Amino acid sequence: MQYIPNILFAILLFVGVGFFVKNIQKLIRNIKLGKDIDRTDNRSARWKNMANIALGQSKMVKRPVSGFLHVIVYVGFIIINIEVLEIIIDGLFGTHRVFQNLLGDTFYGFLIGFFEILALLVFVAVTIFWIRRNVIKIKRFWNKEMKGWPKSDGNNILYFEMVLMSLFLIMNATDTHFQQLGIGNVVSQYLAPIFSNFSESILHIIERSAWWIHIAGIFVFLNYLYYSKHLHILLAFPNTFYANLKPKGQFPLNATVTSEVKMMLDPNADPFAAPPEGASEEVPEKFGASDVTDLNWVQLMNAYTCTECGRCTSVCPANQTGKELSPRAIMMKTRDRLEEVGKNIDANGTFKDDNKQLLNNYITPEELWACTSCNACVEECPVNIDPLSIIMDMRQYLVMEQSAAPAELNNMMTNIENNGAPWPYNQMDRLNWKDE
Amino acid sequence: MNVPTMAEMMAQGKQPEVLFWVGCAGSFDDRAKKITKAFVKIMQKAKVSFAVLGTEESCSGDPAKRAGNEFLFQMQAMSNIEVMNMYEVKKIVTACPHCFNTINNEYPQLGGDFEVMHHTQFLKSLLDEGRLTIEGGKFKGKRITFHDPCYLGRANNIYEAPRDLIKKLDIELVEMKRCKTNGLCCGAGGAQMFKDAEKGEKEIFVERTEDAIEVTPDIIATGCPFCNTMMTDGVKVKEKESSIQVLDIAEMIANADDL
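Residues numbered from 1 in each chain as written. Chains lettered and ligands numbered in written order. Predicted model: local features only at pLDDT ≥ 70, side-chain atom pairs only at ≥ 80, totals over all residues.

Here we take up the overall build of chain A. From N to C terminus, chain A includes 20 helices and 0 strands. For 436 residues, the compact-globule estimate of 2.2 N^0.38 gives 22 Å, and chain A exceeds it by more than 25% at 28 Å. Over its C-alpha atoms, taken along the principal directions, chain A stretches across nearly 95 × 55 × 40 Å. In chain A, buried positions account for 38% of the 436 residues. Taking as baseline every contact in chain A between residues at least 6 positions apart, the subset at least 24 positions apart corresponds to 76%. (Helix = DSSP H or I, 4+ residues; strand = E, 2+ residues; numbered from the N terminus. Rg over C-alpha atoms; globule rule 2.2 N^0.38 Å. Buried ≥ 20, exposed ≤ 12 C-beta atoms within 10 Å, placed from the backbone. Contact = placed C-beta atoms within 7 Å.)

A word on the overall build of chain B. What chain B contains, in helices and strands, is 11 helices and 8 strands. Computed over its C-alpha atoms, the radius of gyration of chain B comes to 18 Å, within 12% of the 18 Å expected for a compact globule of 259 residues. Along the three orthogonal principal directions, the C-alpha set of chain B runs to about 50 × 45 × 30 Å. Within chain B, buried positions represent 58% of all 259 residues. Here the analysis covers contacts within chain B between residues at least 6 apart in sequence; of these, 78% occur between residues at least 24 apart.

Residue and element names in this part refer to chain B. Strand order in this open sheet of 4 strands is 2-1-3-4, and the pairing throughout is parallel. In this open sheet, the two strands that pair with only one neighbour each are strand 2 (50-51) and strand 4 (115-118). Looking at chain direction, strand 1 (residues 18-21) and strand 2 are connected through 2 bridges and run parallel. Within the sheet, the bridge partner assigned to Val18 lies in strand 2 and is Phe50. Relative to the sheet, helix 6 (residues 97-106) contacts strand 1, strand 3 (91-94) and strand 4, its axis offset from that of strand 4 by approximately 160°. (Pairing = 2+ DSSP bridges. Axes fitted to C-alpha atoms, helices over the stretch in contact; angles between N-to-C directions.)

Now for the packing of helix 10 (residues 232-241) of chain A against helix 12 (residues 297-305) of chain A. Residues and elements named next belong to chain A. With their axes 9 Å apart at the nearest point, helix 10 and helix 12 run at an angle of 150° to one another. Taken together, the axes of helix 10 and helix 12 are roughly antiparallel relative to one another. For the crossing formed where helix 10 meets helix 12, the hand is left-handed. In contact with His232, Leu235, Ala236, Pro238 and Asn239 of helix 10, helix 12 contributes Met301, Asn302, Tyr304 and Thr305. Residue composition of the contact of helix 10 with helix 12, by class: 5 nonpolar, 4 polar and no charged. (Parallel < 35°, antiparallel > 145°, perpendicular 65-115°, else oblique. Left-handed = near helix turned anticlockwise from the far one by under 90°. Nonpolar A, V, L, I, M, F, W, Y, C, P; charged D, E, K, R; others polar.)

Backbone hydrogen bonds are what pair the strands of a sheet, in a parallel or an antiparallel way. Residues and elements named next belong to chain B. Taken in spatial order, the 4 strands line up as 6-5-7-8 in an open sheet, and their pairing is parallel. The open sheet has two edge strands, strand 6 (172-173) and strand 8 (245-248), and neither has a second partner. Across 2 bridges, the pairing between strand 5 (residues 143-146) and strand 6 is parallel. In the strand pairing of strand 6, Ile144 is matched with Leu173. Sheet contacts for helix 8 (residues 160-167): strand 5, strand 6 and strand 7 (219-222); angle to strand 5, the most-contacted strand, approximately 170°.

Taken together, the contact between chain B and chain A spans 57 residues of the former and 56 residues of the latter. For the side of chain B that touches chain A, the elements supplying multiple residues, two or more each, are helix 2 (23-28), helix 3 (30-45), helix 4 (62-67), helix 5 (70-86), helix 6 and helix 9 (204-214) of chain B. Here the side of chain B that touches chain A takes 8 residues from helix 5 of chain B, the largest share from any one element. Class assignment of the residues belonging to the side of chain B that touches chain A gives a composition of 22 nonpolar, 20 polar and 15 charged.

What follows deals with the packing of helix 6 (residues 149-173) of chain A against helix 9 (residues 200-224) of chain A. Residues and elements named next belong to chain A. Contact geometry of helix 6 with helix 9 gives a least axis separation of 8 Å together with a crossing angle of 150°. Between helix 6 and helix 9, the angle falls in the class roughly antiparallel. The way helix 6 lies across helix 9 gives a crossing that is left-handed. On helix 9, the residues that touch Phe160, Val163, Leu164, Leu167, Phe168, Ile170 and Met171 of helix 6 are Glu207, Ala210, Trp211, Ile213, His214, Gly217, Ile218 and Phe221. The residue inventory of the contact of helix 6 with helix 9, partitioned by class, reads 12 nonpolar, 2 polar and 1 charged.

All names here are of chain A. In this model, Gln57 sits at a positive phi of 60°, which is unusual for a non-glycine residue. Position of Gln57 relative to the elements: it lies in the loop between helix 2 (43-55) and helix 3 (64-93). At Asn384, a position not held by glycine, the phi torsion is positive, near 60°. Mapped onto the elements of the fold, Asn384 is located in the loop between helix 18 (376-380) and helix 19 (387-400).

Where strand 1 of chain B and strand 3 of chain B come together, 3 bridges link them in parallel fashion. Within strand 3 of chain B, the position partnered with Phe20(B) by the bridge is Val93(B).

Attention now moves to the domain arrangement of chain B. Residues and elements named next belong to chain B. Taken domain by domain, chain B consists of domain 1 (6-127) and domain 2 (133-256). The C-alpha-based centres of domain 1 and domain 2 are spaced at 22 Å. At the junction of the two partners, domain 1 supplies 26 residues and domain 2 supplies 28 residues. Where the side of domain 1 that touches domain 2 is concerned, the elements lending two or more residues are helix 2, helix 3, helix 4, helix 6 and helix 7 (119-128). With 8 residues, the top contributor of residues to the side of domain 1 that touches domain 2 is helix 3. (Domains from an automatic or database assignment.)

Let us look at the confidence of the model for chain B. Scored by pLDDT, chain B has a mean of 96; 100% of the residues are at 70 or more. Two numbers describe this predicted complex: its pTM, 0.95, and its ipTM, 0.96. (pLDDT = per-residue confidence, 0-100.)

Moving on to the domain arrangement of chain A. Residue and element names in this part refer to chain A. Under the domain assignment, chain A is made up of domain 1 (4-31 + 63-241) and domain 2 (255-267 + 285-421). Each of domain 1 and domain 2 was reduced to a C-alpha centroid, and the two centroids are 38 Å apart. Between domain 1 and domain 2, the contact holds 20 residues from the first and 22 residues from the second. Listed by contribution, the elements that provide at least two residues to the side of domain 1 that touches domain 2 are helix 1 (4-31), helix 6 and helix 10. Per-element accounting of the side of domain 1 that touches domain 2 gives the leading share, 6 residues, to helix 10. When the residues that make up the side of domain 1 that touches domain 2 are grouped by side-chain class, the tally is 8 nonpolar, 7 polar and 5 charged.

Let us now look at the pairing of strand 8 of chain B. All names here are of chain B. Bridge count for strand 7 against strand 8 is 4 bridges, and the pairing is parallel. When the bridges of strand 8 are listed, Thr222 appears paired with Asp248. Crossover connection from strand 7 via helix 10 (residues 225-237) to parallel strand 8: handedness right-handed. (Right-handed = clockwise from strand over helix to strand, strands pointing away.)

Laid out in C-alpha cells, this is it:
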C-alpha cells in the first residue's frame, strides 16, 4: 500500500512525458513535410546566433519593458526546473526534499531561496504581462488575428504560470518542517502565517496537494505546448540556429528557372532537341508556393515557433497603414494549414486532397500584394522568423503559375521584357540624360 | 556632360576604374536624373575614371523578382551579366539601393561576380582616400534627417556611410524616431512603386513623411531614387514644400560645392 503514491507518480510521469514525445514526433513529421533546404553551412555563426538570440535573448530586450519581463520569466522557467528534478526523484522514490541531504542545508537553502525569489518575480512579471494584454490592451495583442483561440491561448499560458508559481510557494509555505528549518524560505515565510491556524495534518494535506497539483500542472503544461503558441520555448533554439544567414536583401535563387533561362539565352540551343538520355520526363517542379508542402521545412518550423507576440506586425508598414497584411497572421495561417494537413495525414495515412490550400483558403492575394519587402518583420522577430520568405514564395506562385499579378505589375513586367525598364521608355534613350 | 560608355572606352583600349550603373530611375525619371547628374559631377571632380553601359544597360530585374517573376528576373540578370563580363567589369557603383542589392547579392549565383558599391559607400571611400573633400557650403547649420532605404539598411546593413557623408556637411543630423534597423519603409519597395497600394487607411509614404516632419528638418536626405519620389510626394501631401526639401546625398554634396 505504501508504494501507491510512487506508482501513481510513475504513471503520471510516463503518461505526461509519453504523450509529449508523441506530439513532438508529430510536430517533427509535419515540419518534414516541407521541402528540403540546406542550412548546415557556417556552423559557428549558427551556434553564435542561437547563443545570442535564443539563449541570450538579445533581440527580446530591444523592447526594454517586455524584454526585461520576458528575461525574468525565461530565467525563472529554466532555473526553477532544477526543482522539478528534485520533485521527480522524490515522487518516484518516496523521498522528501532529497537534495537537502545531498547538498547540505546551507547550499540547499540558498538554492530554494533563489527559486522562491524567482518564483515571486515570475509571478509579478506574468501578472504585468496579463495587465498589458487585458487592461492596457496593447495594440499588437488586439489585431484581428488575435480573436478567439489565440487570445485565450495567450491568457491560458499566463494563468498556468501564475498557478504553478503559487503552488510552488504554497508547497513550501505549508511544509512545516521546511519552515522550522528556516533555510531558503525567503518568500514562503511571509505566506506561512496565512496557514498558521491550520492543524498539522491539514497543513500536510495542503502541502501534499500543492506538491501533486504543481507537478501534475507541469505535465499538463508540457502537453499544452503542442496545441499552443508556447512551443517557442523549445523551437526558438533550432529556429535561430537554422535561420537565414545571408543578407536580408538576398532572395533565394530559383534554380529550376536557371536552366530554362540559360537555354533561352543560348543561341546554339536547339529548342526541339530530344532530352538527353536518362533525363527525367517528370512534370517540371511547381514554381513558388500555394500550399504548405511547397514551402521549405525551415519556413514550416518558423510557423510552429511563432509565439504570436506581434512585434513583426507592429512594425509592418502595410499593417500600420491599415492594409490586410499582417506578418504574424501569415505565420499563424501557415501553421493552421500545416496542422490541418497533418490531421488529414493522421486520418487517412497519406494526404487526401481536401480541395483547400494555403493560398486563398488561408492567405489571400490581397495580403501578399501589400508587402513592400522592407524586411522590418524579419529584423524585428525575436527568434528570427522570416514571414517575408513565405510571402515571396507565394507571389512567385501567383505570377509564374497563375499569371495573377495586379494589372499594373503586369504592365511593369511587360515593359521590362520589351524595353529593359519598368516604364515604357525606349532602351535606346537610356543615356539621353547626359545631354539634357 | 562628358559621360563615356564602356563601348567607347573599350574602343580606345581603356578600362575604367568603375562602372557607374545608372539604373532605370536614374536614366528615365526626371527627378532621379538630377541625382545621376549630381553623382557624375562629383566623380568628375574627384577625377574618377568611370563609364556607363548606356544603351547596353537594362533593368537589373529587381522589381520583377520582388513581384514574383523569377523567370524575367533571371533573364535580365543573365543578359546584364553577359554584357558586363564581356567588358570585364570588376567594380560597379550605383545610386540605386535596389540595383545595388540585386547585383551585389543575387548576381553572383548566376555568374556575375563584381565588387558592388552603393554611391554613398563609394563617396565615403573617395573621402577616406583623400580624393574628395566635402564642405558644408550652403547647407551649413541646416537640420537634416536621413531616411534609411530598406534595401540599403536592413537588407544590407549599411547605415553609417550615408550618415558619415551628411555629417561632413557641417549640418545638424537629426534622427527620426524610427531609424536605422527600425527605419520605416517609404512604401515603394517590393515592386510597390509600380502599382497602387492595397486598400487601407493611409499611404505608407505619408506615414513615413510624418516621421520626418516630426523632427522639423530643413532637408530630408535619401539615398534611393524611389524613396526620394515617395518622400517628395509625402512632403507635397503634407503641404510642406516651402519648408522641407527632399534631396539625395549626392545632390547635397554636389550642391554644397556648387557643382
